[in-house]
Amino acid sequence: MCFDVSPFGALLSDSQLFEAKFDELVAELIERDLKDPGLVDALNRHREVLVYNVPGGKKNRGLSVIGSLRELLPPSQLTQDVVERALVVGWCIELLQAYFLVADDIMDASVTRRGQPCWFRKEGVGLDAINDSFFLESALYRLLRKYCRDQPYYVHLLEVFTETTFQTVLGQTLDLMTAPPGDVDLSRFSMEKYKTIVKYKTAYYSFYLPVAAAMYMAGITNEVEHSHAKEILLEMGEFFQIQDDFLDCFGDPAVTGKIGTDIQDNKCSWLVVKALEVMSPEQRAVLEACYGRKDDASVEKVKALYKSLQMQTLYHKYEEESYQRLQKLIARCAVTLPSTVFLNFANKIYKRNK
């Protein structure tokens, strides 16, 4: 679907519209918002924070707002103002994502993100990145106020963003408590614990938030419809995170844009939880000796153990079964909502390699 925004009458795709909007929002935050000359240095720093951390990902979350809204509203209601606000709300979700990732990379001592050094590892940044992450979060609320405060759904957006942030923080807390550095205890890991972490740390903000925002913008406030959407999207979020865990270990860093560290970081990942379900006592002893260690030899032993347990085959079997389960869930729950809202999302992530 395209929308005419060019002064020359050219039609641009949603992706092109979305990309073009970013520079405008940076200018809004850095150049037009605050005029105090004493803030020039701080605002220039924040411009760098935005450009380095926000636009580099796949942008599926942000694009899903306008994509979902196009399925929920007839073309006659998709005016230029409506599309513009959907693009802004999409970028607000990308800002939220950047806020989480900048902070998460510090907590996990990660090395790369989206094919470049993590922000805190950039020369001259260090732990100042903590304050930069606060800026990223606060910026999204300035944009929501600027573009949406006169809309009937403004309070709904504020509530869903703040609630989603709270849920994500809970998931991150559980993740950190389950995998403290240097304290490997595999008895902490279970599939139930893993699914709770995934639901709160990833699924709410990555899957429910973009669609919920579009639903509110389309005037859909019915709790039953939101409940049905949430059931589908949280299942999708679990599917996505298990893919992410697999790619952390077996993905190509040149494709994924990051060097996986789940083994070194003692993470409660799908691979280790699933391996614990099928391994022998002897194999468990190897895992206990090597998991959560930083040296390359230990990491390679864990990966070799995963391969011997046929984890790649188990993963591909799970991926196919999960996708089929998702299709049935969409057919059952998407009664009053267009199934394409969910199918479009599912097709973006099925069999992804980054």
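None of the values given here were measured: they were computed from a predicted structure.

## Structural notes on the nonpolar core
Counting 118 residues, the largest nonpolar core has Leu50, Leu136, Phe161, Met236, Tyr306 and Phe342 as the members making the most contacts within it. Here this core takes 17 residues from helix 7 (residues 191–217), the largest share from any one element. Among residues more than four places away in sequence, those in contact with Phe342 are Val211, Ala229, Ile232, Leu233, Met236, Ile330, Ala334 and Leu337.

## Structural notes on unusual backbone geometry
Despite not being glycine, Lys59 shows a phi value in the positive range, around 65 degrees. Inspection of the secondary structure puts Lys59 in the loop between helix 2 (40–53) and helix 3 (60–72). Phi angles above zero are rare outside glycine, and Asn266 is one such case at about 60 degrees. Tracing the backbone through its elements, the reader meets Asn266 in the loop between helix 9 (253–256) and helix 10 (270–278).

## Structural notes on the pattern of salt bridges
By the definition in use, this model includes 22 salt bridges. In this structure, the salt-bridge partner of Arg47 is Glu31, at a minimum N-O distance of 3.0 Å. Highlighted residues: Arg47 in helix 2 and Glu31 in helix 1 (residues 14–32), separated in sequence by 16 residues. Using a relative accessible area of 28% as the deciding quantity, one classes Arg47 as partly exposed. Note on Glu31: relative accessible area 44%, which makes it partly exposed. The closest approach of N and O atoms between Arg325 and Glu235, which form a salt bridge, is 3.2 Å. Note that Arg325 is positioned in helix 13 (residues 311–333) and Glu235 in helix 8 (residues 223–250), a separation of 90 residues in sequence. A relative accessible area of 39% places Arg325 in the partly exposed class. Because the salt bridges share partners, they merge into one network encompassing Asp104, Asp108, Asp175, Lys201 and Lys267.

## A short note on the packing of aromatic side chains
Scanning the entire structure with this criterion turns up 14 aromatic pairs. Centre to centre, the rings of Phe100 and Tyr205 are 4.9 Å apart; their planes meet at 70 degrees, and the pair counts as edge-to-face. Placement of the pair is Phe100 in helix 4 (residues 80–108) and Tyr205 in helix 7, with a sequence separation of 105 residues. Judged on exposure class, the residue Phe100 and its partner Tyr205 are both buried. With a centroid separation of 5.3 Å and 65 degrees between ring planes, the pair formed by Phe207 and Phe240 is classed as edge-to-face. Taken together, the residues Phe207 in helix 7 and Phe240 in helix 8 connect sequence positions 33 residues apart.

## Structural notes on empty space enclosed by the protein
Over the atoms rolls a probe the size of a water molecule, and in doing so it shows where empty space is left. Going through the model one piece at a time under the given rule, you end up with 3 cavities of 30 Å³ or more. One number sums up the size of the largest cavity: a volume of about 120 Å³. Around the largest cavity, the lining comprises 14 residues; the ones closest to its centre are Tyr52, Asn53, Val102, Asp105 and Arg113. Those elements that provide at least two residues to the lining of the largest cavity are helix 2, helix 4 and strand 4 (116–117). Broken down by element, the lining of the largest cavity gets its largest block of residues, 4 residues, from helix 4. Looking at side-chain class alone, the lining of the largest cavity contains 8 nonpolar, 3 polar and 3 charged residues. As for the second largest cavity, its lining consists of Phe22, Leu25, Val26, Leu29, Leu50, Trp91, Leu95 and Leu143. Those elements that place two or more of their residues in the lining of the second largest cavity are helix 1 and helix 4. Ranked by residue count, the leading element in the lining of the second largest cavity is helix 1, at 4 residues. Its residues assigned to classes, the lining of the second largest cavity shows 8 nonpolar, no polar and no charged.

Definitions and limits used
- Residues numbered from 1 in each chain as written.
- Predicted model: local features only at pLDDT ≥ 70, side-chain atom pairs only at ≥ 80, totals over all residues.
- Heavy atoms only, no water.
- Core = buried A, V, L, I, M, F, W, Y, C linked by side-chain atoms within 4.5 Å.
- Buried < 20%, exposed > 50% of the residue type's maximum accessible area, 1.4 Å probe, protein only.
- Helix = DSSP H or I, 4+ residues; strand = E, 2+ residues; numbered from the N terminus.
- Contact = heavy atoms within 4.5 Å.
- Salt bridge = Lys/Arg side-chain N within 4 Å of Asp/Glu carboxyl O.
- Phe/Tyr/Trp six-rings, centres within 6.5 Å; stacked < 30°, edge-to-face > 60°.
- 1 Å grid on protein atoms, 1.4 Å probe; cavity = no way out; pocket = protein on both sides within 12 Å on 5 of 7 lines; lining within 4 Å.
- Points joined across faces, edges and corners; volume = space filled by probe spheres on them.
- Nonpolar A, V, L, I, M, F, W, Y, C, P; charged D, E, K, R; others polar.

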